[in-house]
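Structure at a glance
The lines below spell out each chain.
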Amino acid sequence: MTETEAAGETAGRRVRVVLVDDHRMFRTGVQAEIGQTDSTGVEVVGEAADVDQAVTVITATRPEVVLLDVHLPGGGGVEVLRRCAALMAAAENPVRFLALSVSDAAEDVIGVIRGGARGYVTKTITGTDLVDSVFRVQDGDAVFSPRLAGFVLDAFASTDAPPMDEDLDRLTQREREVLRLIARGYAYKEIAKQLFISVKTVESHVSAVLRKLQLSNRHELTRWATARRLV
């Protein structure tokens, strides 16, 4: 993204943004790409790496837009949205959320949109397009990467859309990730490596999932996930 392109798009406008992502290097990259306020109009006023930090920073800074990762320690982006519901619903100066994630899974997209996010874009987005998306969300528009818009239409516009799954909604975002990988046949060590957590933490998540879903073992868990097309 060149300064000329960004300046043409923002034309003197300003938007205050909080970055929420558990990878510091990614936050640094986004800050470098879009956070040059004089050229892009984007002022990054805070950062957070997990759910608790996110809620604290967002409450303290009251940004116009939050760039929110879906997969976060402490319950995921959905939990941030739940705990910031009052800020989103504010009559004046509401905080708006734009999901920015590597995931393009339908359940992730639908989950955060149900939670109140105004849009969802993947991390393959260019800096120029991300700046444009931030300003559009500030204006109250809904913004989606092209492929992801179909998920939302299927879930919300169709009269045949399935109802919310109360069992699935009881799981945190991280528990859903572990559930999906278990159902795909991954070993605990493989899951730990992929999610950058310890094997012991994987075991704890599996135990929590089995307890919440009232299942006995990973075979039942796999059948449960397959039946709901989560695999």
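Above this text is the structure in question.
The structure reproduced in this document is the subject of the present report. What you see is a predicted model, and the numbers here were worked out from it, not measured in a lab.

This part covers unusual backbone geometry. With the exception of glycine, most residues fall at negative phi, and the peptide bonds are largely trans. In this model, R62 sits at a positive phi of 45 degrees, which is unusual for a non-glycine residue. Considering the arrangement of structural elements, one finds R62 in the loop between α4 (51–61) and β3 (65–68). R62 sits in the partly exposed class, given a relative accessible area of 36%. The residue Q214 is not glycine, and still its phi comes out positive at about 55 degrees. If you trace the backbone, Q214 turns up in the loop between α13 (199–213) and α14 (218–227).

Once that is clear, we can look at the packing of aromatic side chains. Counted by the stated rule, this structure contains zero aromatic pairs. Positioned over the ring face of F26 is K123, at 4.0 Å from the centre of the ring.

Here six strands make up an open sheet; going across it, the order is β2-β1-β3-β4-β5-β6 and the pairing parallel. One side of each edge strand has no neighbouring strand; the edge strands of this open sheet are β2 (42–48) and β6 (143–144). Most of the contacts of α4 go to strand β1 (residues 15–20), to which it runs at about 170 degrees, and overall it touches β1, β2, β3 and β4 (96–101). On top of the sheet, helix α7 (residues 106–115) reaches β4, β5 (119–122) and β6; it is set at about 145 degrees to β5, its chief contact.

Rules and cut-offs
- Residues numbered from 1 in each chain as written.
- Predicted model: local features only at pLDDT ≥ 70, side-chain atom pairs only at ≥ 80, totals over all residues.
- Heavy atoms only, no water.
- Helix = DSSP H or I, 4+ residues; strand = E, 2+ residues; numbered from the N terminus.
- Buried < 20%, exposed > 50% of the residue type's maximum accessible area, 1.4 Å probe, protein only.
- Phe/Tyr/Trp six-rings, centres within 6.5 Å; stacked < 30°, edge-to-face > 60°.
- Lys NZ or Arg CZ within 6 Å of the ring centre and 35° of its normal.
- Pairing = 2+ DSSP bridges.
- Contact = heavy atoms within 4.5 Å.
- Axes fitted to C-alpha atoms, helices over the stretch in contact; angles between N-to-C directions.

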